[in-house]
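Descriptive analysis of the structure
One-letter residues, chain by chain:
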Amino acid sequence: MQLDNLTALAAERNDQTILDLFGKDADRAGAFSASTGDLLFDYSKTQIDADIRDALIELCDAAGLAERREAMFSGAKINETEGRAVLHTALRNLDGGPVAVDGLDVMPEVLDTLQRMRVFAEEVRGGAIAGAGGSFTDVVNIGIGGSDLGPVMATHALSPYHDGPRLHYVSNVDGAHIADTLRQLDPTRTLVIVASKTFTTIETMTNARTARAWMVDGGGDPARQFAAVSSAVDKTEAFGIPEDRVFGFADWVGGRYSVWGPVGLPVMIAVGSNAFDAFLRGGQAMDVHFRAANWVENMPVMLALVGIWHRQVLGHTSRAVLPYDQRLLRLPAYFQQLEMESNGKSVAMDGSSLKMPSGPVVWGEPGTNGQHAFYQLIHQGTDVIPCEFMVAAEGHEPELAHHHRLLLANCLAQSEALMCGRSLDEARQRMADKGLQGDELERQARHRVFSGDRPSTTLIYPKLTPFVLGQIIALYEHRVFVEGVLLGINSFDQWGVELGKELATSLGPIVDGEESADEKDGSTAALVAYAMRHRD
């Protein structure tokens, strides 16, 4: 990716503020936004002007983004380090026609699995599938990474539509997680879903065996009360899960992109198959937009280009995701995995070292909670942190509409404050109005200065429905894809998670006291010794 032109433009406009841009263009908000359906993405509160946008768009053509996009949708093996296609989009391709991998149309199997999920979910919800003690009151999903973050996020987000059994999620191998979850449940009326493609993930399988023992001890029946999201039918059968309770997916669906398929089964049980279908259709609608819209009107592309401008051109190392929606409380963590596991790379597709920074640190919390936690640093800290706000025009509780109006006002006020700031003269006047004078006035005024000119974007939508949630998730998936193409990296492998797994496996016998830690480094050996001395 050639950034010379963009770097030069950034240097030329070093003294140009966001407010200056609004002063030059009365229609800036309309010109620097993109929409699809009822979603509006406003990036006018950034330092991007028309020339910078043109230069950013040139990167798309230079990187062959259009060709790479079509390669992904058509089933080409764009995950080159693993030799796999990347087709999470096929999971939401409800009526989009055939999709071929190695010459075979995968859609019949995708749609068959989806129909099996619908039947199973509705029978669980209706009581036709039940536990030893009767219809299911609770569902526990055991998974980790993409098998947990996606369904957890979606279950919280769609809670107004939740009319099925109560949902619980266990991911951490820390025994506290599963102990605290199971303690409150009836082992005869709890369904356990084990989500692991290979059925070998150590955290997931450790928790699954604990849940099965708990169920047996409490009078439950694992053969009736376990299901699996896995492609390893031999292993699920050995575990005691009937084949008709196993829902698999192909290796062309990465874990962090898998909520659209069987990994989303607990969500479907919670909200019903119709609402889940609406979620899929939202994702599909964003796919259609991403493939059809020209670059300047293409929401995923413009979201990605804003990210490239902030990270690779201006050098801002982190990005705050700030949903003003309590039900999106797990969305920042979901996007954290989506972005950082995908684009946290230092090697280009051809194996050479990356010549530019890769993805940013992604973090955030829902508003307004974050305002009382870390916004101080965002407004007055020494580092500029681009912010991505998102908010609905209305909430789900008409009787609490005044709450939502206050929420919306806070969201819009924060982006305005980041852009406008407060000058030293304004701060001085405020202190003078309070009766301060001289050195004390000056001292107090300086503490109340906001530099302003801090960039943000806002994604606004009518209401957080299943369809809108599908649009938002697919939007960010495609954003990550575009950024990866422009960086020249593979966004669909995750070799960085492997080394720690390997070392944890080798440390297991040492921590158990079966092997010596002598060959480990001094720090690791000392920590193992401490743990063994203090073990009950």
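Refer to the structure above for everything that follows.
What counts and what doesn't
Residues numbered from 1 in each chain as written. Predicted model: local features only at pLDDT ≥ 70, side-chain atom pairs only at ≥ 80, totals over all residues. Heavy atoms only, no water. Helix = DSSP H or I, 4+ residues; strand = E, 2+ residues; numbered from the N terminus. Buried < 20%, exposed > 50% of the residue type's maximum accessible area, 1.4 Å probe, protein only. Contact = heavy atoms within 4.5 Å. Pairing = 2+ DSSP bridges. Phe/Tyr/Trp six-rings, centres within 6.5 Å; stacked < 30°, edge-to-face > 60°. Lys NZ or Arg CZ within 6 Å of the ring centre and 35° of its normal. 1 Å grid on protein atoms, 1.4 Å probe; cavity = no way out; pocket = protein on both sides within 12 Å on 5 of 7 lines; lining within 4 Å. Points joined across faces, edges and corners; volume = space filled by probe spheres on them. Nonpolar A, V, L, I, M, F, W, Y, C, P; charged D, E, K, R; others polar. Polar contact = N/O pair within 3.5 Å; in protein donor to acceptor, adjacent residues only side chain to side chain. Axes fitted to C-alpha atoms, helices over the stretch in contact; angles between N-to-C directions. Left-handed = near helix turned anticlockwise from the far one by under 90°. Patch = residues over 30% accessible without salt bridge, like charges linked within 9 Å, V, L, I, M, F, W, Y side chains within 5 Å. Areas by Shrake-Rupley, 256 points an atom, 1.4 Å probe, with all protein chains shown as cover. Salt bridge = Lys/Arg side-chain N within 4 Å of Asp/Glu carboxyl O. Lys, Arg positive; Asp, Glu negative; His and termini not counted. Charge placed at Lys NZ, Arg CZ, Asp CG, Glu CD. Right-handed = clockwise from strand over helix to strand, strands pointing away.

Quick look at the overall build of the protein now. A count of helices and strands for the protein gives 22 helices and 15 strands. Viewed in the frame of its principal axes, the protein has a C-alpha envelope of about 75 × 60 × 60 Å. Classification of the 536 residues of the protein by burial places 51% in the buried group. Counting contacts in the protein only where the partners sit at least 6 residues apart, residues at least 24 apart contribute 74% of the total.

With that settled, consider the pairing of strand β14 (residues 387-392). Within β14, six of the six residues are buried, which leaves it mostly tucked inside the rest of the structure. Judged by which residues are buried, β14 turns out to be covered on both faces: Cys387, Phe389 and Val391 on one side and Glu388, Met390 and Ala392 on the other are all buried. Bridge count for strand β12 (residues 318-324) against β14 is five bridges, and the pairing is parallel. The residue of β14 that forms the bridge with proline 323 is methionine 390. Of the strand pairs in this sheet, β14 and strand β15 (residues 456-461) are connected by six bridges, and their pairing is parallel. In the sheet register, glutamate 388 faces β15, and the bridge partner there is threonine 457.

Next up on the list: the packing of aromatic side chains. All chains considered together, the criterion is met by 16 aromatic pairs. Judged by centre distance (5.6 Å) and plane angle (85°), the ring pair of phenylalanine 199 and phenylalanine 239 falls under edge-to-face. Taken together, the residues span a long stretch of sequence, with phenylalanine 199 in the loop between β9 (190-195) and α9 (202-217) and phenylalanine 239 in helix α11 (residues 233-239) at a distance of 40 residues. In this structure phenylalanine 239 comes out as buried when scored by relative accessible area, which is 11%. Aromatic ring contacts, followed pair by pair, group Phe73, Tyr257, Phe290, Phe481 and Phe492 into a single cluster. The residue whose ring lies beneath arginine 28 is phenylalanine 32, and the NZ or CZ to ring-centre distance is 4.2 Å.

The subject of this paragraph is empty space enclosed by the protein. Over the atoms a probe the size of a water molecule is rolled, and this reveals where empty space is left. As enumerated under the stated definition, the model contains four cavities of 30 Å³ or more in all. A volume near 50 Å³ is recorded for the largest cavity. In terms of lining, the largest cavity is formed by Arg319, Val321, Phe335, Leu338, Glu339, Val362, Glu388, Tyr476, Arg479 and Val480. Listing elements by their share of the lining of the largest cavity, those giving two or more residues are β12, α15 (331-343) and α20 (466-487). Among the residues forming the lining of the largest cavity, the class breakdown is six nonpolar, no polar and four charged.

On to the side chain of arginine 28, then. With respect to the element layout, arginine 28 can be found in helix α3 (residues 28-31). Of note is the side chain of arginine 28, whose polar atom sits 2.7 Å from the backbone oxygen of isoleucine 48. In contact with arginine 28, other than residues within four places in its own chain, are Leu21, Phe22, Tyr43, Ser44, Thr46, Ile48 and Asp49.

For the rest of this paragraph, the subject is the packing of helix α7 (residues 146-157) against α15. When two helices pack together, their arrangement is given by the angle between the helix axes and by the axis-to-axis distance. Packing of α7 against α15 brings their axes to within 9 Å, and their N-to-C directions diverge by 145°. Considering how the two elements wind past one another, α7 and α15 form a crossing that is left-handed. Where α7 approaches α15, its residues Gly146, Leu149, Gly150 and Met153 are matched on the opposing element by Leu331, Ala333, Tyr334 and Gln337. For the contact of α7 with α15, the class distribution of residues is five nonpolar, three polar and no charged.

An order of β1-β2-β15-β14-β12-β13 is seen for the six strands of this open sheet, with the pairing classed as mixed. At either end of the open sheet lies a strand with only one pairing partner, and these are β1 (33-36) and β13 (361-363). Between one strand axis and the next, the sheet turns through 15° on average, direction left out of account. Where α15 meets the sheet, its contacts fall on β12, β13 and β14, and the angle it forms with β13 comes to roughly 165°. Here helix α17 (residues 401-420) sits on the sheet in contact with β12, β14 and β15, set at roughly 155° to β14.

Turning our attention to a negative patch on the surface. Taken together, the side chains of Asp54, Glu58, Asp61 and Glu67 present a region of like negative charge at the surface. In terms of residues, the negative patch owes the most to one element, helix α4 (residues 50-62), which gives three residues. Tracing the backbone through its elements, the reader meets aspartate 54 in helix α4.

Attention shifts here to unusual backbone geometry. Residue glycine 367 is joined to threonine 368 through a cis peptide bond whose omega torsion reads 10°. Tracing the backbone through its elements, the reader meets threonine 368 in the loop between β13 and α16 (375-380). Not every positive phi belongs to a glycine, and phenylalanine 199 is a case in point at roughly 60°.

Taken together, the five strands give an open sheet; going across it, the order is β8-β7-β9-β10-β11, and neighbouring strands pair in parallel fashion. The sheet is open, and its two borders are formed by β8 (166-170) and β11 (246-247), each paired with just one other strand. Judged from the five bridges that link them, strand β7 (residues 138-142) and β8 form a sheet pairing that is parallel. By the bridge assignment, aspartate 138 is partnered in β8 with arginine 166.

Turning next to the pattern of salt bridges. Scanning the model with the defined rule gives 29 salt bridges in all. In this structure, arginine 327 and glutamate 397 form a salt bridge, with 2.6 Å as the shortest nitrogen-oxygen distance. With a gap of 70 residues between them, arginine 327 in the loop between β12 and α15 and glutamate 397 in the loop between β14 and α17 connect regions that are remote in the sequence. Taking the relative accessible area as the measure of exposure, glutamate 397 reaches 27% and is therefore partly exposed. A cluster of three or more residues bridged by salt bridges with shared partners is formed by Arg319, Glu339, Glu388, Arg479 and Glu483.

Summarising burial for β8: four of the five residues are buried, a large majority. Taking the sense of rotation as the criterion, the β-α-β connection linking β7, α7 and β8 turns out right-handed.

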